Amino acid sequence: MGAIDQLILQLFDIEAFKFGSFKLKSGIQSPIYIDLRVIISYPDILRSVANHMNNILQNSNVSFNEICGVPYTALPIASIICVDYKRPMLLRRKEAKNYGTKKIIEGKFRPNDRCIIIEDIVTTGSSVIETAESLWAEGLQVTDAIVLIDREQHGEKNLQEKNIRLHRVLKISEVLDCLVRHGKITEEVSKNVSEFIHGNQMQLPTLKIEIEDKNISIPIRQRFQTIIKEKKSNLCLSADLTSLDEIIELSNLIGKNICMLKIHCDILTDFSMDKIQELKDVSRRLNFLLLEDRKFADIGNTVALQYTKGLFQIAEWADLVTVHVLPGEGIVQALEQAAQTINESRGCLLIAQMSSKGALTNNEDYVNGVIKCAEKYSDFVIGFISQSRLTTSDKYLHCTPGVHLTNTGDQLGQQYVTPRQAIDGRGADIVIVGRAILDSINRVKTAEAYQQECYQVYEELRKI
Ligand code: 5BU
């Protein structure tokens, strides 16, 4: 008898497969019930399951640094494989702790490490996807998952859509064939189960935000507002670093905490369209917007070229750009027209007031002109860079830079307020933070702290 048949029969003997009529969590009546938790009571079977997974690992040539088991049943299996391969194990908590470190992934790893996921059974693939998403958020690379049984209910396709390859020891159809061949179940039972499986293909309900991401016509304003609410973050990281590689690495780590990443592409020493595409991919995966803080300030014809052409082709990748209205509203008209050649929704933030000492922008006439311009081009202008609340309309997001919890300014005119002062005193919706995070000892922890502080104050005041 082949090793696979042997494993299936062992699982049958310990009643990991039950046939009859079972009510599932979803309320659906199922002719099969698979309970792999029982294997922990049978060390030989546990060993054999791990061996089969080891074979898959060897044959598929998947390289990995760590192994992450999905609680609970897959954890003992993953532990055995980790010991066999002498590789560290990770695990994803079911709930983040609400005390201490709030970590969701336990175990040691480095950003960019490759990690494979081990799961006992896959139906829709949702638990593997959830695990992968938490690992991605920590900057790990996850492309492969190994499972003991694939129920063949669309899990493989759901995983494929997330770029995760599914490797399985057993397919449910193989289990049924084997049990019929060995006289454990009748043809009729097998047919019944097959029909149930085929009739219950479970495409994952696509999250609202994913629909929005894929739907390129979704207005950027709406996407922004959804991101803020769903991620509970109104923090924009100003990633004023000169290496795009470093920004990509950082955004992999901090992306989960921010609603927007702001960059200055003209300070990058390693800019390329390929790399910026990589950053765009991270922004889609971790669900934040990309703002190029270009501060356009020329006549319409020139800015349209600066926006779409040259080395940076900003319009191709930046969801939002910043614009001075100093040259008159033609500048916004030109950018809006240029953005229409792009197949995704684009928008801009008008610079109404600046945070720096002695800024000439900060007079009433100027600011009124900016507001008028926003109203005229309200399909493209989704908000302001400001130091005070300019309008009562919820349509415009007020984004405020010059924020630091412990400093009051720098040597070159920057002036800081705290997140609370920015949101409460100055009416900010979005808080833009740069060096307070970048120069901190632990950027990830500091970003988490700013996210929490900013959103808490925002929630308190705006009662989201
Ligand atoms: P900081 O490190 O938090 O001081 O960085 C602030 C960022 O916001 C930086 O990229 C500035 O270019 C940007 N900024 C600003 O500080 N003040 C303004 O009024 C405007 C932009 Br507009």
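Residues numbered from 1 in each chain as written. Predicted model: local features only at pLDDT ≥ 70, side-chain atom pairs only at ≥ 80, totals over all residues. Heavy atoms only, no water.

(A) Looking closely at the nonpolar core. Core analysis: the biggest nonpolar cluster contains 91 residues, and Phe224, Met260, Leu261, Ile263, Tyr307 and Leu350 have the highest contact counts within it. With seven residues, helix H18 (residues 443-462) is the single largest residue contributor to this core. Ignoring anything within four residues of it in the chain, the contact list for Leu350 reads Val323, Val325, Val332, Val370, Cys373, Ala374, Val381, Gly383, Phe384 and Ile385. In this structure, Ile80, Ile118, Ile149 and Leu170 belong to the second largest nonpolar core, which totals 43 residues. (Core = buried A, V, L, I, M, F, W, Y, C linked by side-chain atoms within 4.5 Å. Buried < 20%, exposed > 50% of the residue type's maximum accessible area, 1.4 Å probe, protein only. Helix = DSSP H or I, 4+ residues; strand = E, 2+ residues; numbered from the N terminus. Contact = heavy atoms within 4.5 Å.)

(B) Spatial organisation of the environment of Gly107. Mapped onto the elements of the fold, Gly107 is located in the loop between strand S5 (105-106) and strand S6 (115-122). On the accessibility criterion, Gly107 (36% relative accessible area) is partly exposed. Each residue touching Gly107, except ones within four places of it in the same chain, is listed here: Met89 and Leu90.

(C) Structural detail: the site of the ligand. The ligand sits among 16 residues. The nearest are Asp240, Lys262, Ser355, Tyr416 and Arg435. Here Gly434 contributes a backbone N or O atom positioned 2.9 Å from an oxygen atom of the ligand. The separation between an oxygen atom of the ligand and a polar main-chain atom of Arg435 is 2.7 Å. In isolation the ligand offers 490 Å² of accessible surface; the protein chains occlude 90% of this area. (Near = heavy atom within 4 Å. Polar contact = N/O pair within 3.5 Å; in protein donor to acceptor, adjacent residues only side chain to side chain. Areas by Shrake-Rupley, 256 points an atom, 1.4 Å probe, with all protein chains shown as cover.)

(D) Layout of the pattern of salt bridges. Applying the stated criterion across every chain, the model contains 27 salt bridges. In this structure, the salt-bridge partner of Asp5 is Arg181, at a minimum N-O distance of 2.7 Å. With Asp5 in helix H1 (residues 3-13) and Arg181 in helix H6 (residues 172-181), this pair connects stretches of sequence that are 176 residues apart. Take Asp5: its relative accessible area is 14%, and that puts it in the buried class. Among the residues examined, Arg181 registers a relative accessible area of 55% and is labelled exposed. The residue Arg165 makes a salt bridge to Asp144 at a minimum N-O spacing of 2.8 Å. Placement of the pair is Arg165 in strand S8 (residues 165-171) and Asp144 in strand S7 (residues 144-150), with a sequence separation of 21 residues. Judged by its relative accessible area of 1%, Asp144 falls in the buried class. One salt-bridge network, held together by shared partners, links Arg223, Lys280, Arg284, Asp319, Glu344 and Arg346. (Salt bridge = Lys/Arg side-chain N within 4 Å of Asp/Glu carboxyl O.)

(E) Highlighting helix H2 (residues 43-60). For H2, spanning 18 residues, the distance from its first C-alpha to its last is 26 Å, which sits close to the expected 26 Å at 1.5 Å a residue. Contacts from the buried residues of H2 go to H1, helix H3 (74-85), S6, S7 and S8. Taken from the residues just after H2, Asn61 is the one with a positive phi, measuring 55 degrees. (Expected span 1.5 Å × (residues − 1).)

(F) Structural view of the sheet that holds strand S11 (residues 289-296). The strand order around the closed barrel formed by eight strands is S9-S10-S11-S12-S13-S14-S15-S16, and the pairing between neighbours is parallel. Strand-to-strand twist across the sheet, computed as the mean angle between neighbouring axes with direction ignored, equals 30 degrees. As paired strands, strand S9 (residues 235-238) and strand S16 (residues 430-433) are joined by three bridges and run parallel to one another. Within S16, the residue paired with Cys236 across the bridge is Ile432. (Pairing = 2+ DSSP bridges. Axes fitted to C-alpha atoms, helices over the stretch in contact; angles between N-to-C directions.)

On their own, these measurements won't tell you what the molecule is for.
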